[in-house]
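Geometric and topological summary
Listed here are the chains, written in short residue letters.
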Amino acid sequence: MIDELDRAFDDDHDEDPRQELPPGEASRQRRRFSWLRSMLAMGLALVLLGALGIGAVVVYQKISGALGTPDWATSADGHEVQIEIKSGDTQAQIARTLKAAGVIASEKAFIEAGERNPDALRIQPGFYKMRTHMSAKDAVLRLLDLKNRIVNGITIPEGLSSFRVFKLLASKTGIPEADFKAAAEDPIALGVPDWWFNRTDDKKVARSVEGFLFPDTYEFAPNATADGILRVMVNRFLTVTGSMSFAETVPAQLGGIAPYEALIVASLAQAEAGNADDFGKVARVAYNRVYKRIPDLTCACFQFDVTVNYSRELAGKDPKPSSGLSHDELTDPKNPYGRNAEGMIPTPINNPGKAALEGAMEPPKGDWYYFVATDKQGHSAFSETFEEFCQDNEMAVKNKVLKQSSC
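Residues numbered from 1 in each chain as written. Predicted model: local features only at pLDDT ≥ 70, side-chain atom pairs only at ≥ 80, totals over all residues. Heavy atoms only, no water.

Condition: UniProt positions are given in the numbering used here, feature names are shortened, and annotations may be inferred rather than shown by experiment.
The name recorded for the protein in an unreviewed UniProt entry is Endolytic murein transglycosylase, from Catellatospora chokoriensis. Of the protein, the UniProt comment under Function (unreviewed entry) reads exactly: "Functions as a peptidoglycan terminase that cleaves nascent peptidoglycan strands endolytically to terminate their elongation." Per UniProt, the protein has the following entry under Catalytic activity (unreviewed entry): "a peptidoglycan chain = a peptidoglycan chain with N-acetyl-1,6-anhydromuramyl-[peptide] at the reducing end + a peptidoglycan chain with N-acetylglucosamine at the non-reducing end."

1. So, the sheet that holds strand 4 (residues 126-131)
The cut-off we apply is this: When DSSP finds at least two bridges between two strands, those strands are taken to pair. Helix numbers and strand numbers start at the N terminus; a helix is a DSSP run of H or I with at least 4 residues, a strand a run of E with at least 2. Contacts were defined at the residue level, with two residues in contact if any of their heavy atoms lie within 4.5 Å. The axes used here are C-alpha line fits, helices contributing only the stretch in contact, and every angle between their N-to-C directions lies in the interval 0 to 180 degrees.
A sheet is described by the order of its strands in space; here 3 strands give the open sequence 3-4-5, paired in antiparallel fashion. Strands at the two margins of the open sheet, each flanked by one partner only, are strand 3 (80-85) and strand 5 (149-150). Direction of pairing for strand 3 relative to strand 4: antiparallel, over a ladder of 6 bridges. Its bridge partner being in strand 4, V81 is matched across the sheet by M130. Of the strands in this sheet, strand 3 and strand 4 touch helix 5 (residues 136-144), which is tilted by about 140° from strand 4.

2. Structural notes on the environment of A73
Where we set the bar: Burial classes: relative accessible area under 20% of the type maximum marks a residue as buried, over 50% as exposed, and values in between as partly exposed (1.4 Å probe, protein chains only).
Structurally, A73 can be placed in the loop between strand 2 (71-72) and strand 3. Residue A73 is classed as partly exposed on the basis of its relative accessible area, which comes to 33%. Measuring from C-alpha to C-alpha, the distance between A73 and I104 comes to 9.2 Å, with 31 residues separating the pair along the chain.

3. Side note on the pairing of strand 8 (residues 370-373)
Bridge analysis of strand 8 against strand 9 (residues 380-383) gives 4 bridges, and the strand direction is antiparallel. Bridging across to strand 9, F371 finds its partner in F382. Count of turn residues in the strand 8/strand 9 antiparallel hairpin: 6 residues, of which G378 carries a positive phi of about 90°.

4. A look at the UniProt feature "site: Important for catalytic activity" (unreviewed entry) in the protein
In the UniProt entry, the feature "site: Important for catalytic activity" (unreviewed entry) is given for E272. For E272, the position within the fold is in helix 10 (residues 259-272).

5. A look at the packing of helix 8 (residues 226-244) against helix 14 (residues 354-361)
Just so we agree on the cut-off: Any angle between 65 and 115 degrees counts as roughly perpendicular, while under 35 counts as roughly parallel, over 145 as roughly antiparallel, and the rest as oblique. In this scheme the handedness of a crossing depends on how the near helix is turned from the far one: anticlockwise by less than a right angle means left-handed, clockwise means right-handed. Note that Gly is not counted as nonpolar here; it falls among the polar residues with everything else outside the nonpolar set of Ala, Val, Leu, Ile, Met, Phe, Trp, Tyr, Cys and Pro and the charged set of Asp, Glu, Lys and Arg.
For the pair helix 8 and helix 14, interaxial distance at closest approach is 11 Å and the crossing angle is 45°. Classified by the angle between their axes, helix 8 and helix 14 sit oblique to one another. Note that helix 8 runs across helix 14; the crossing there is right-handed. Along its contact with helix 8, which presents V240, T241 and M244, the element helix 14 presents K354, L357, E358 and M361. The residue makeup of the contact of helix 8 with helix 14, split by class, is 4 nonpolar, 1 polar and 2 charged.

Structure representation (structure tokens):
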């Protein structure tokens, strides 16, 4: 454009060279065109700078601190994403998770925002609804607001059989119960080490997930599968028993008994003890009956009704109260879970909690072979002889715990 003005100026003077301007007029015209040319150049420069300025503002709004710490400005064009904060995650690990999901512009920005907000140390593990392109400050605040936490907590009570666990999980997650049963068919694939199924007796190993689904409160991912859920529960079992040194302590404390056999006993204690104080004593009764048989006993067997009820669950039937079990059901010689089945039963009968595991791992010393609940708080009396057991039964009847004596 400036070149065109120059040409126009020249053209004005070349058009008719015979025309002469008054004195000083040519000089004034040149100054006027020079001023106009400068103004046009300045206007063009301002336009370019304005365009650059708008771009700079946009860039700053998108990612500020180009010369410092990159940080998004919270943007309405971000979309929702789900992220998981794992138990024990540090601020740096949370920052990596958010950066990978596109929530924040840089890990450093989140760490710095956390340093400015002491409440950031209270961020809880779990799944959260976040948005992409958030400022680090807003990301911290969103994680602290529990309304953004996806709550899908499922509590698995202690002492549930795997079949009842599957039913509960199916009702809470919407995953078909059949999917859990199918996933449970191979406990090794779910993470149970094969050495867990070693036994000290000559009985055939029956690999079952029973006993390995640790009772606890879990928060599963919204898109979790049956296989994934059971893996988490098995891993929790391994973590808890590992922290207890269960597998190392059992053979050392109990004369070479296998950890799997102690797990079976823990499940029996979980089912039979009416009070947590009695877990260890019930476990001792179980060990004595199988490994320290006395003449009073007709077999080296548990003679617990709960094992018979578990065999009903295996057959797809509902458990019954002890009074509802027939004599034939209780004493069926073909049932490896029967009252009089010799030795250790094939598998655990439920999934015991930590207290029952501790009771089976280090039971108190005692020559008890019998026990019966004697008060409504669930406490039991333990006895060495059948005669003592019958006396304890009379106490249970007197306290209206039993309708009639078992003797």
